[in-house]
Structures are given as structure tokens and as C-alpha cells.
Amino acid sequence: MIVVLKRIVTDEEKRDLIQMIENMGLQVKDAGSENHGVLGLVGDTTKVDITHIEAQHIVDKVMKVQEPYKLASRTFQPMDTVIDVDGHKIGGGNLTIIGGPCSVESEYQIMHIARLVKASGGHLLRGGAFKPRTSPYSFQGLGEDGLKFLKKAKAETGLPIITEAMSIEEFDLIEQYADIIQIGARNMQNFALLKHAGRSSKPICLKRGMSATIEEFLMSAEYIMASGNSNVILCERGIRTFESYTRNTLDLAVVSAIKELSHLPILIDPSHATGRWQLVEPVSKAAVAIGADGLMIEVHHDPEHALSDGQQSLKPERFTKLVEIVGKIHQIV
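Residues numbered from 1 in each chain as written. Predicted model: local features only at pLDDT ≥ 70, side-chain atom pairs only at ≥ 80, totals over all residues. Heavy atoms only, no water.

Caption draft 1: Geometry of the sheet that holds strand 13 (residues 266-268). Read around the barrel, 8 strands follow the order 7-8-9-10-11-12-13-14 and close on themselves; strand pairing throughout is parallel. Sheet twist, expressed as the mean angle between neighbouring strand axes with direction ignored, is 25°. Contacts from helix 4 (residues 144-157) reach strand 8 (124-126) and strand 9 (161-164) within the one sheet, and its direction differs from that of strand 9 by about 165°. Contacting strand 12 (232-236) and strand 13, helix 8 (residues 253-261) crosses the sheet at an angle of about 175° to strand 13. (Pairing = 2+ DSSP bridges. Helix = DSSP H or I, 4+ residues; strand = E, 2+ residues; numbered from the N terminus. Axes fitted to C-alpha atoms, helices over the stretch in contact; angles between N-to-C directions. Contact = heavy atoms within 4.5 Å.)

Quick look at the structure:
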């Protein structure tokens with residue numbers, strides 16, 4: 001349920017209204033801005049007398065939210081969410097470029113790539129310290145040593161880091177190092193992990209599950225937000241279909257759908273979506289043209305010898321070219 005306030009409301013009047021609503025057994029989320037007072041009511045609203053809320057003199061109107069995702073809905077928050085990460089803003093018309101290797105392989109590797117990403121105009125550094133792999137025999141990451149290398153790379157380049165948490169057990173450790181914590185496609189409906197992420201003070205980048213609908217995607221974001229963390233970034237990395245030429249099937253229409261349904265920023269991961277470095281550039285250009293808030297791209301200085309996903313990683317010179325091209329497209333659109 002959404003409560004829209006009148007234009008002139010004092011802080012004391014708003015506090016009194018919130019206290020009254022909370023006494024009804026509901027949670028209240030203040031989604032208002034300087035010129036737009038909005039309160040989101042979460043809980044069992046079926047037992048609430050709407051007319052009692054409407055009767056309050058500071059209330060303009062009360063609306064029921066039809067979508068099952070309340071806090072992630074654009075009805076709840078009409079303005080785009082903008083997430084500030086060390087001074088870089090994600091969402092709200094800004095274009096964010098995240099680059100780096102699939103996994104942290106060594107100190108030299110991540111330091112070298114971080115310098116290249118910075119020089120190319122990238123805004124954030126990606127790199128997996130803990131890696132979920134289809135095969136138990138594949139490289140699983142360096143663990144905390146990888147996190148330490150990422151921290152050192154940030155100290156030198158100034159690039160904020162994003163890395164994945166695979167379970168609750170390692171989440172708190174990663175939180176000490178990362179600026180954004182990623183929840184991967186395999187964990188999109190790991191509800192215990194989502195709730196734990198909702199108690200974090202760090203922004204969460206949530207990737208769409210392999211077979212998830214858009215509604216399921218937003219409902220997973222809702223789990224995080226309902227637990228207290230409103231700083232959620234969505235990331236489309238392709239869904240599984242019968243097509244075998246590409247690693248996944250990229251659903252670019254999801255960008256427009258999310259912009260209509262939600263206020264959360266959405267990134268595109270063309271590397272995991274296509275699985276082929278040759279397709280990363282054209283897909284990236286299309287993603288920016290359709291309105292994506294950013295790109296998450298795998299970059300490796302020696303992809304032929306990468307320990308994971310070398311076939312979908314761009315070499316530095318191609319990444320530099322890509323950043324320049326998508327920047328021009330973003331200015332046009």
C-alpha cells in the first residue's frame with residue numbers, strides 16, 4: 001500500500017503518521033524526496049481501514065500496490081534509485097562500466113588488469129575470489145587471498161571492487177573487502193542468502209537466475225529490500241533456452257521492462273550472456289542503446305591461459321575500444 005502525502009508536511013506530522021501506521025502492525029518505508037512525500041506500507045494491509053489513513057489531514061491519497069514486489073515497484077518509488085559507490089553513481093542516467101577477470105588468479109594478474117581497466121576508463125573492478133563452477137574439478141578461486149589482492153588493487157587504482165558471495169558463511173568476510181557484493185545467478189533464489197544480504201550495509205548486485213521470469217527476478221530483489229537493504233542493483237546475464245551457439249540467451253527487453261516496473265538500476269553482463277568475446281562488443285552497444293545503466297565485462301590480459309572463462313574475456317585493447325564506443329552511444333541516447 002502506498003500513502004501519498006500532501007506537499008506541505010512537517011517532519012513532526014510525518015513522524016506522528018508513521019507511528020500511527022506502525023501501531024497498526026505494518027512496516028513503513030519512507031520513499032519520499034524533497035518535493036514528493038511517499039510512504040510504503042508493508043505487511044498484512046487487508047486488516048487496515050484505509051479510510052482511517054485517508055482521514056489524516058496530511059494524506060493526499062492511499063493506493064494499493066498490485067504487484068507482489070512492493071518496495072522494488074516503481075509505484076512505490078517513482079524516481080530512479082541512484083547508488084553511490086565511492087563517489088561513482090550507478091543509475092539515474094549514468095553509465096557504469098565494470099571490468100575485470102572472471103576470477104582472481106594471482107596478485108600480479110589482478111593488479112595488472114586493474115591498471116588496464118582504470119586506464120581504459122572503467123569505473124569499477126570485478127573479480128571472483130570465490131568461484132561457483134559447474135565442475136567440482138575446475139578452479140574455485142583463491143578465497144581470502146583473492147580478496148586481499150582485490151583490496152590492494154583498489155588501493156592503487158582507486159577502483160571500487162565487486163565480487164561474489166556464494167554463501168552466508170563467506171558473506172561477512174567478503175563484506176569486509178568488497179564495495180559491492182554480488183549474488184550470482186545460481187543463488188538468485190537462495191532466500192536465506194538474500195535475507196542475509198538485506199541486513200548488509202553494502203550495495204548488492206543481484207544477477208538474474210538462469211530460468212527466472214522478470215517477476216521472480218524482482219521478487220528476489222524484494223527479499224533483500226524487505227530485510228532492510230534498499231541498495232540493490234539488478235544484472236541481466238542471459239537466461240537458458242534451447243539455443244546452444246551462445247552460452248545463454250540475452251533478454252535485452254528486460255531492460256525496458258525493468259525501467260517500467262521498477263526504480264532499481266539494471267546492468268547487462270554481455271560476457272556471461274554470450275560466452276564469446278566476439279559477441280561482447282555488439283551486444284554491449286545494443287545494451288547501452290536500449291537504456292541499460294551499465295555493463296559488467298570480463299577483461300583478461302592473457303585470456304588464452306585464463307583459469308576460467310577465457311573464451312568470453314576481452315583483451316585490454318578491445319576493452320578500451322568498447323568503453324569509447326559505448327560512451328558515445330550513451331551520450332546520443
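Next, the rest of the story.
Caption draft 2: Structural detail: the pairing of strand 9. Judged by which residues are buried, strand 9 turns out to be covered on both faces: Ile161 and Thr163 on one side and Ile162 and Glu164 on the other are all buried. With 2 bridges connecting them, strand 8 and strand 9 associate as parallel partners. The partner of Arg126 across the bridge, within strand 9, is Ile162. Crossover connection from strand 9 via helix 5 (residues 168-175) to parallel strand 10 (residues 180-183): handedness right-handed. (Buried < 20%, exposed > 50% of the residue type's maximum accessible area, 1.4 Å probe, protein only. Right-handed = clockwise from strand over helix to strand, strands pointing away.)

Caption draft 3: Region of the structure containing helix 7 (residues 214-226). Relative to the 18 Å expected for 13 residues at 1.5 Å per residue, helix 7 spans 18 Å between its end C-alpha atoms, a close match to the ideal helical length. Three or more residues of helix 7 are buried, namely Phe217, Leu218, Ser220, Ala221, Glu222, Ile224 and Met225. For helix 7, the secondary structure elements touched by its buried residues are strand 2 (27-30), strand 10, helix 6 (191-198), strand 11 (204-207), strand 12 and helix 8. (Expected span 1.5 Å × (residues − 1).)

Caption draft 4: Just the packing of helix 3 (residues 107-120) against helix 4, in detail. Between helix 3 and helix 4, the shortest axis-to-axis distance is 9 Å and the interhelical angle comes to 35°. The handedness of the crossing between helix 3 and helix 4 comes out as right-handed. Of helix 4, the residues touching helix 3 (which contributes Glu107, Ile110, Met111, Ala114, Arg115 and Lys118) are Phe149, Leu150, Lys152, Ala153, Glu156 and Thr157. Residues belonging to the contact of helix 3 with helix 4 are distributed by class as follows: 6 nonpolar, 1 polar and 5 charged. (Left-handed = near helix turned anticlockwise from the far one by under 90°. Nonpolar A, V, L, I, M, F, W, Y, C, P; charged D, E, K, R; others polar.)

Caption draft 5: Broad picture of empty space enclosed by the protein. The final tally for this structure, using the stated rule, is 1 cavity of 30 Å³ or more. A volume near 40 Å³ is recorded for the largest cavity. Taken together, Arg74, Asp80, Thr81, Gly91, Gly92, Lys259, Ser262, His263, Leu264, Pro265 and Asp293 make up the full set of residues lining the largest cavity. Classifying every residue of the lining of the largest cavity gives 2 nonpolar, 5 polar and 4 charged. (1 Å grid on protein atoms, 1.4 Å probe; cavity = no way out; pocket = protein on both sides within 12 Å on 5 of 7 lines; lining within 4 Å. Points joined across faces, edges and corners; volume = space filled by probe spheres on them.)

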